[in-house]
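Architecture at a glance
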Amino acid sequence: MEKVALVTGSSSGIGLLTAVELALNGHRVVATMRNLESRGRLEEAAHKAGVRDRLDLRRLDITEFDSLPGAVDAIVRDHGRVDVLVNNAGFSSAGFGEDMQLHEIRDQLETNFFGSVAMTKAVLPVMRKQKSGHIIQVSSVGGRAAPPMLGAYSASKFALEGWSEAVRIEVHSLGIRVVLVEPGSYDTDIWTRNVKVAAGALDPASPNKERSQRFAEFVKSSAKHRRDAREVAKLIVCVARDPNPKLRYLIGGDAKVQIWLKRIVPWRKYERMIAKAVKIDQ
């Protein structure tokens, strides 16, 4: 039986690449995005890979919570099942905690955490009935080690990690597998189009203005070291095909080094190292 995968946030980055890789590996892919006018890059990549006919493109905003069960029901009506959910849709908010407004932090969690929770809850009844399914949460190394300036983003991923860990245990006996994929720094739009800078960070009166500028320079200079996000997409496909995957998959040399350092380096030394590395130690 043809397996059906539902991927959120498919218009760019890891979501786009994952949709194409899943299609290449025999899945029927329902590739969703908040705005179908943004489908051009995905369609181009799918045509190039020869899998456009395996993609069903649909509009889906994961923050429109009440609409999600109906959207999943429509997918089941049209394709018969949902075997894989890839919760990828999300964005990053950047700014010192002092500069970020509460509504900006809420918006971050609304998408990255509550959106993924709502999507998971929408597919669980389907997978329970099937007695099978994979729910793959695209988390981040930032869900285990919070970098400065990305506190709201890390908060959303820390929350996703904790919630997913609990749900994995709850649904394992039902044949459902919940998995966390934790990429490090990869070349995706999360660093460009999908980043929101806190309004306070741009305020000339912010006491953190100079440090914010130095951090922005660090992010720009590190771009050349970011790896090809296809590595993450290929890992997600492997997880989707594994009948008994692990809970966590940390991917990327920088991510592994960061977690290793956090484990073995005394905290006071670790925090000084991080502040110096991202140029906010002054």
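In this report, the structure presented in the accompanying data block is examined.

Rules used throughout
- Residues numbered from 1 in each chain as written.
- Predicted model: local features only at pLDDT ≥ 70, side-chain atom pairs only at ≥ 80, totals over all residues.
- Heavy atoms only, no water.
- Helix = DSSP H or I, 4+ residues; strand = E, 2+ residues; numbered from the N terminus.
- Rg over C-alpha atoms; globule rule 2.2 N^0.38 Å.
- Buried < 20%, exposed > 50% of the residue type's maximum accessible area, 1.4 Å probe, protein only.
- Contact = heavy atoms within 4.5 Å.
- Areas by Shrake-Rupley, 256 points an atom, 1.4 Å probe, with all protein chains shown as cover.
- Lys, Arg positive; Asp, Glu negative; His and termini not counted.
- Charge placed at Lys NZ, Arg CZ, Asp CG, Glu CD.
- 1 Å grid on protein atoms, 1.4 Å probe; cavity = no way out; pocket = protein on both sides within 12 Å on 5 of 7 lines; lining within 4 Å.
- Points joined across faces, edges and corners; volume = space filled by probe spheres on them.
- Nonpolar A, V, L, I, M, F, W, Y, C, P; charged D, E, K, R; others polar.
- Core = buried A, V, L, I, M, F, W, Y, C linked by side-chain atoms within 4.5 Å.
- Pairing = 2+ DSSP bridges.
- Axes fitted to C-alpha atoms, helices over the stretch in contact; angles between N-to-C directions.
- Phe/Tyr/Trp six-rings, centres within 6.5 Å; stacked < 30°, edge-to-face > 60°.
- Lys NZ or Arg CZ within 6 Å of the ring centre and 35° of its normal.
- Expected span 1.5 Å × (residues − 1).
- Bend = angle between axes of the 7 residues up to and from the residue.
- Salt bridge = Lys/Arg side-chain N within 4 Å of Asp/Glu carboxyl O.

This brings us to the overall build of the protein. Within the protein, the secondary structure is distributed over nine helices and nine strands. In terms of overall dimensions, the protein is globule-like: its C-alpha atoms have a radius of gyration of 19 Å, near the 19 Å expected for 282 residues. In terms of principal-axis extent, the alpha carbons of the protein reach across some 60 × 40 × 35 Å. Taken across its 282 residues, the protein has 51% of its residues classed as buried. Here the contacts in the protein between residues at least 6 apart in sequence split such that 74% fall between residues at least 24 apart. Approximately 14000 Å² of the protein is accessible, and the part contributed by carbon and sulfur atoms is 53%. Of the side chains in the protein, 43 bear a positive and 33 a negative charge, and the two mean positions are spaced by 5 Å.

Right, let's talk about the layout of surface pockets for a bit. Of the voids in this model, the second largest pocket is the one considered here, and its volume is about 440 Å³. What lines the second largest pocket is a set of 17 residues, among which Leu16, Leu17, Arg41, Ala45 and Arg230 lie closest to the centre. Contributions of two or more residues to the lining of the second largest pocket are made by helix H1 (13–24) and helix H2 (40–49). In terms of residues, the lining of the second largest pocket owes the most to one element, H1, which gives six residues. Here the lining of the second largest pocket is composed, by residue class, of seven nonpolar, two polar and eight charged.

Moving on, we come to the nonpolar core. In terms of nonpolar packing, the biggest core is built from 34 residues, with Leu22, Val29, Leu42, Leu55 and Ile236 touching the most fellow members. Ignoring any residue separated from it by four or fewer positions in sequence, one finds leucine 42 in contact with Ser10, Leu16, Ala19, Val20, Ala31, Met33, Leu55 and Leu57. Core analysis: the next-biggest nonpolar cluster, separate from the first, contains 23 residues, Val30, Ala122, Ile135 and Val171 among them.

With that out of the way, let us pick up the sheet that holds strand E6 (residues 133–138). Spatially, E3-E2-E1-E4-E6-E7-E9 is the arrangement adopted by the seven strands of the open sheet, whose pairing is parallel. Edge strands, defined here as strands with exactly one partner in the open sheet, are strand E3 (55–59) and strand E9 (248–251). The sheet shows a mean angle of 15 degrees between the axes of neighbouring strands, taken without regard to direction. Sheet topology places strand E1 (residues 4–7) next to strand E4 (residues 84–87); three bridges connect them, and they run parallel. Bridged to alanine 5 within E4 is valine 84.

So, on to the packing of aromatic side chains. Under the criterion given, the structure shown has two aromatic pairs. Positioned over the ring face of tyrosine 249 is lysine 246, at 4.7 Å from the centre of the ring.

The next thing to look at is unusual backbone geometry. Peptide bonds are trans in most cases, and residues, glycine excluded, mostly fall at negative phi. Phi angles above zero are rare outside glycine, and lysine 131 is one such case at about 65 degrees. Turning to its location among the elements, lysine 131 is positioned in the loop between helix H4 (102–130) and E6. Residue classification places lysine 131 among the exposed residues on the basis of a relative accessible area of 66%. Despite not being glycine, lysine 279 shows a phi value in the positive range, around 70 degrees. Here lysine 279 shows up in the segment after helix H9 (267–277).

By the element assignment, aspartate 83 lies in the loop between helix H3 (68–79) and E4. Exposure remark for aspartate 83: the relative accessible area of 6% places this residue in the buried category. In this structure, aspartate 83 is in contact with Glu2, Lys3, Val4, Met127, Gln130, Gly133 and His134, ignoring residues within four places of it in sequence.

Time to look at H4. In an α-helix, one full turn covers 3.6 residues, which means residues spaced three or four apart are oriented alike. Taking 1.5 Å of rise per residue, 29 residues should cover 42 Å, and H4 covers 41 Å from first to last C-alpha, within 8% of that figure. Of all the bends in H4, the greatest measures close to 40 degrees and is centred on glutamate 110.

Tallied over the entire structure, the rule returns 16 salt bridges. As a salt-bridge pair, arginine 58 and aspartate 56 come within 2.8 Å of each other at their nearest N and O atoms. For the pair formed by arginine 58 and aspartate 56, the shared burial category is buried. Here glutamate 165 makes a salt bridge to arginine 248, at a shortest N to O gap of 2.9 Å.

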